[in-house]
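Remarks on the overall topology
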Amino acid sequence: MGKKDGDVRISLQTLRVLEAFLENPSEQLSGADVHQRCAIASGTLYPILLRLESAGWFVSQWEAIDPSSAGRPRRRLYRLTSTGLKRASEVFGSFNRGVLA
Amino acid sequence: MTSRKLDSDSGTLNGRERLSDWLIRHAARKAPADLGERLEEEWRADMASRSSYVSRLRFAIGCCWATQVIAFEHQPARAAATASSGGSALLALSESHDMRFYSRRSSSFVLVLALHIGVFYALFSWVTRVHAPPMSAPLVPTFIRDDHPPEKFNATPPDLTQINHRFFVPEPEWKSATNEDGPTSTVKEDLPQPPIIDTPPTPTHVVKRVMGGTGVGFPNVDDFYPGKEIRLAHQGATVVNVCVNPNGKLYSKPTIAEGSGFGGLDDAALSLAQSGSGHYRATTEDGQPVSSCYQLKVRFQLKN
């Protein structure tokens, strides 16, 4: 792979991550959710998430729960930005794949 | 940090979980300082969503690798951020996936591959050494040369007319046994011994052996008479042992069998015998030249 798209290097794994977010662009996904959908190993997944966040395609925030009452630690949730949605659509368009706009 | 508190408070971390926990903590420590705390909490939360221990361990190991990548990509981003205060360090982060990363990953792959090859080679060598049959000592051929001339065979062929040929064939003894009620049958009680036959000895072939000596072109004794011995009027005969091959050449150094009483003459005799190599007449057996050792008498005699 290794195609460069502006700011982000688009690899096959990056496309799979973007595809998971493009299924419902408004949905917030944690790393665990993306792993379940894409089956990408953590060693690859988190650098991609951070890279896309650094490029402005994603924003992230902590899950708004009380860990002690929920009985589990809070998660870091990622969401596509408008820029990310536009650029991801362009990327998939260049591959002749239909995406949500 | 909340998750860590929860884990430590619960006190339910067994040894296996402790390993995953340690890997996450170790990976987060290696991450850039501004991301370490966030990544540790995020990874702990995501790891908690995994059900099996193996899955959590794989996740933790993956996080260790992710830390390496993130730390590598984060360095140029920070440098870019400090260089251009207004620019976005995050944009520069995306450019950091250069070839150095791949060469480093390739080096790791090659290193792991080499380690595997080394381990398998050592294992294979050990197995073959343990199960291979013991090596026997290598055979070293040694050549034994018979320097002694064969003894002359003086046996005369026997007179075949005087040999008494005796052929003794004993008669078999048969005993008749009569059955009172039945017919008479013949029973062989003792088996006859094989006949003893004296065969005449085979006539032995007599080898005609002609001892060798000096041949054509053999050096002249006078040429080896030392001048000093001539002036001292020393005379005498030296007997030299020589071993000659079928080609008339010496195959061992000549030695003094009987000295003349004068060292100079003995040395000259040895020089003469040595110089004559190739001009000896070989010993023959039935006309065929053979290797042999014999004595050569060298006489140094002054002439008037």
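Each chain has its residues counted from 1, running along the sequence as written. Here every chain gets a letter starting at A, and every ligand a number starting at 1, in the order they are written. Given that this is a predicted model, residues contribute local features only at a pLDDT of at least 70 and side-chain atom pairs are listed and counted only at 80 or more, while totals for whole chains, interfaces and linings are drawn from all residues. The basis for every side-chain value is the complete set of non-hydrogen atoms in the structure, without hydrogens or water.

**Section: the confidence of the model for chain B**
All names here are of chain B.
- Mean pLDDT over chain B works out to 76, with 62% of the residues at or above the 70 mark.
- Known as pLDDT, the predictor's per-residue confidence is scaled from 0 to 100. Contacts: residue pairs with any heavy atoms within 4.5 Å of one another. Note that pLDDT drops below 50 for residues 1-11; the model gives that stretch 14 contacts with residues more than four away or on any other chain.
- When the criterion is pLDDT under 50, residues 81-99 qualifies, and its contacts beyond four places in sequence or with other chains add up to 30 contacts.

**A closer look at a nonpolar patch on the surface**
All names here are of chain B.
- Here, patches come from residues exposed beyond 30% relative accessible area and free of salt bridges, joined within 9 Å for like charges and within 5 Å for nonpolar side chains (Val, Leu, Ile, Met, Phe, Trp, Tyr). Under the convention used here, a 1.4 Å probe and the Shrake-Rupley method define accessible areas, while residue burial counts only the protein chains that appear. We define a salt bridge as a side-chain nitrogen of Lys or Arg found within 4 Å of a carboxyl oxygen belonging to Asp or Glu. On the surface, a nonpolar cluster with roughly 500 Å² of combined accessible area is contributed by Phe-120, Leu-123, Trp-126, Val-127 and Val-130.
- Numbering goes from the N terminus for both helices and strands, where a helix is a DSSP run of H or I of at least four residues and a strand is a run of E of at least two. Here Trp-126 is to be found in helix H6 (residues 99-131).
- Relative accessibility under 20% of the residue-type maximum defines a buried residue, over 50% an exposed one, and the middle range a partly exposed one, all with a 1.4 Å probe and only protein chains included. When its relative accessible area of 47% is taken as the criterion, Trp-126 is described as partly exposed.

**Re the sheet that holds strand E10 (residues 283-285) of chain B**
- Pairing between two strands is assigned when DSSP locates at least 2 bridges connecting them. The antiparallel open sheet is built from 3 strands, whose spatial order is E5-E10-E11 (chain B). Two strands bound the open sheet, and with one partner strand each, they are strand E5 (209-210) and strand E11 (288-290) of chain B.

**Some points on the environment of Thr-44 of chain A**
- In this structure, Thr-44 of chain A sits in helix H3 (residues 42-54).
- Separated by 30 residues in sequence, Thr-44 of chain A and Thr-14 of chain A have C-alpha atoms that sit 9.2 Å apart.

**Things to note about the packing of aromatic side chains**
- The rule is short: rings of Phe, Tyr and Trp, with Trp giving its six-membered ring, pair when the centres are within 6.5 Å, and they are stacked under 30 degrees, edge-to-face over 60, tilted in between. Throughout the structure, instances matching the rule amount to 6 aromatic pairs over all chains.
- With centroids separated by 6.5 Å and ring planes inclined at 55°, the aromatic side chains of Phe-58 of chain A and Tyr-78 of chain A adopt a geometry described as tilted. With Phe-58 of chain A in strand E4 (residues 58-62) and Tyr-78 of chain A in strand E5 (residues 76-80), the pair connects residues that are 20 residues apart, well separated along the chain. An identical accessibility class is assigned to Phe-58 of chain A and Tyr-78 of chain A; each is buried.
- Judged by centre distance (5.2 Å) and plane angle (65°), the rings of Tyr-225 of chain B and Phe-300 of chain B are edge-to-face. Taken together, the residues Tyr-225 of chain B in the loop between strand E6 (213-214) and helix H7 (227-231) and Phe-300 of chain B in strand E12 (residues 292-300) connect sequence positions 75 residues apart. As far as burial versus exposure is concerned, Tyr-225 of chain B and Phe-300 of chain B are alike and both buried.
- A connected cluster of aromatic rings, assembled from ring pairs, spans Phe-21, Phe-58 and Tyr-78 of chain A.
- Definition used: whenever NZ (Lys) or CZ (Arg) falls within 6 Å of the ring centre and also within 35 degrees of the ring normal, the charge is taken to sit over that ring. It is Arg-76 of chain A that lies over the ring of Trp-62 of chain A; its NZ or CZ is 5.0 Å from the centre.

**Concerning the packing of helix H1 (residues 12-22) of chain A against H3 of chain A**
All names here are of chain A.
- Put simply, H1 and H3 touch, their axes get as near as 10 Å, and they point 70° apart. Of the possible angle classes, the one that applies to H1 and H3 is roughly perpendicular. Between H1 and H3 the crossing geometry is right-handed. Across from Gln-13, Thr-14, Val-17, Leu-18 and Phe-21 in H1, the residues of H3 making contact are Thr-44, Leu-45, Ile-48, Leu-49 and Leu-52. Convention adopted: a line fitted to C-alpha atoms gives each axis, helices being fitted over their contacting stretch, and angles between N-to-C directions are expressed from 0 to 180 degrees. Every angle not falling under 35 degrees, over 145, or within 65 to 115 is termed oblique; those three ranges are roughly parallel, roughly antiparallel and roughly perpendicular. Definitions for this section: a left-handed crossing has its near helix turned counterclockwise from the far helix by less than a right angle. A right-handed crossing has that turn clockwise.

**Here's the deal with helix H5 (residues 82-94) of chain A**
- An ideal rise of 1.5 Å per residue puts 18 Å on 13 residues; H5 of chain A measures up with 18 Å between its terminal C-alpha atoms.
- Residues of H5 of chain A that are buried: Gly-84, Arg-87, Ala-88, Ser-89, Val-91 and Phe-92 of chain A. Given the number of residues in a helix, its expected span is that number minus one, multiplied by 1.5 Å.

**Concerning the packing of H3 of chain A against helix H3 (residues 33-48) of chain B**
- Viewed as axis vectors pointing N to C, H3 of chain A and H3 of chain B meet at an angle of 130°, and their least axial separation amounts to 13 Å. Accordingly, the angle class assigned to the pair H3 of chain A and H3 of chain B is oblique. Crossing of H3 of chain A over H3 of chain B shows right-handed handedness. Along its contact with H3 of chain A, which presents Tyr-46, Leu-50 and Glu-53 of chain A, the element H3 of chain B presents Leu-35, Arg-38, Leu-39, Glu-42, Trp-43 and Asp-46 of chain B.
- In the scheme used here, Gly and all other residues not listed as nonpolar or charged are polar, with Ala, Val, Leu, Ile, Met, Phe, Trp, Tyr, Cys and Pro taken as nonpolar and Asp, Glu, Lys and Arg as charged. Across the contact of H3 of chain A with H3 of chain B, the residue classes break down as 5 nonpolar, no polar and 4 charged.

**Considering the state of the cysteines**
Residues and elements named next belong to chain B.
- Any two cysteine sulfur atoms within 2.5 Å of one another count as a disulfide. Here the structure, examined in full by the defined rule, presents 1 disulfide over all chains.
- Residue Cys-243 pairs covalently with Cys-293 via a disulfide, S to S 1.9 Å. What sets the handedness of the Cys-243 and Cys-293 disulfide is the S-S torsion sign, and at about 110° it is right-handed. One end of the pair, Cys-243, is in strand E7 (residues 236-244); the other, Cys-293, is in strand E12, and 50 residues separate them in sequence. Per residue, the accessibility class of Cys-243 equals that of Cys-293, and both read buried.
- Unpaired in terms of disulfides, Cys-64 finds its nearest cysteine sulfur in Cys-63, a separation of 7.1 Å.
- Residue Cys-64 is classed as buried on the basis of its relative accessible area of 18%.

**A look at the pattern of salt bridges**
All names here are of chain B.
- For the structure shown, the criterion picks out 12 salt bridges over all chains.
- Between Asp-21 and Arg-44 there is a salt bridge, with its nearest N and O atoms 2.0 Å apart. With a gap of 23 residues between them, Asp-21 in helix H2 (residues 15-30) and Arg-44 in helix H3 connect regions that are remote in the sequence.
- Using a relative accessible area of 3% as the deciding quantity, one classes Arg-44 as buried.
- The salt bridge partner of Arg-44 is Glu-40, with a shortest N-O separation of 3.1 Å.

**Brief notes about the pairing of E5 of chain A**
Residue and element names in this part refer to chain A.
- Along E5, 4 of the 5 residues are buried, which leaves the element largely enclosed by surrounding structure.
- Pairing between strand E3 (residues 29-30) and E5: 2 bridges, direction antiparallel. Bridge pairing links Ser-30 to Leu-77 in E5.

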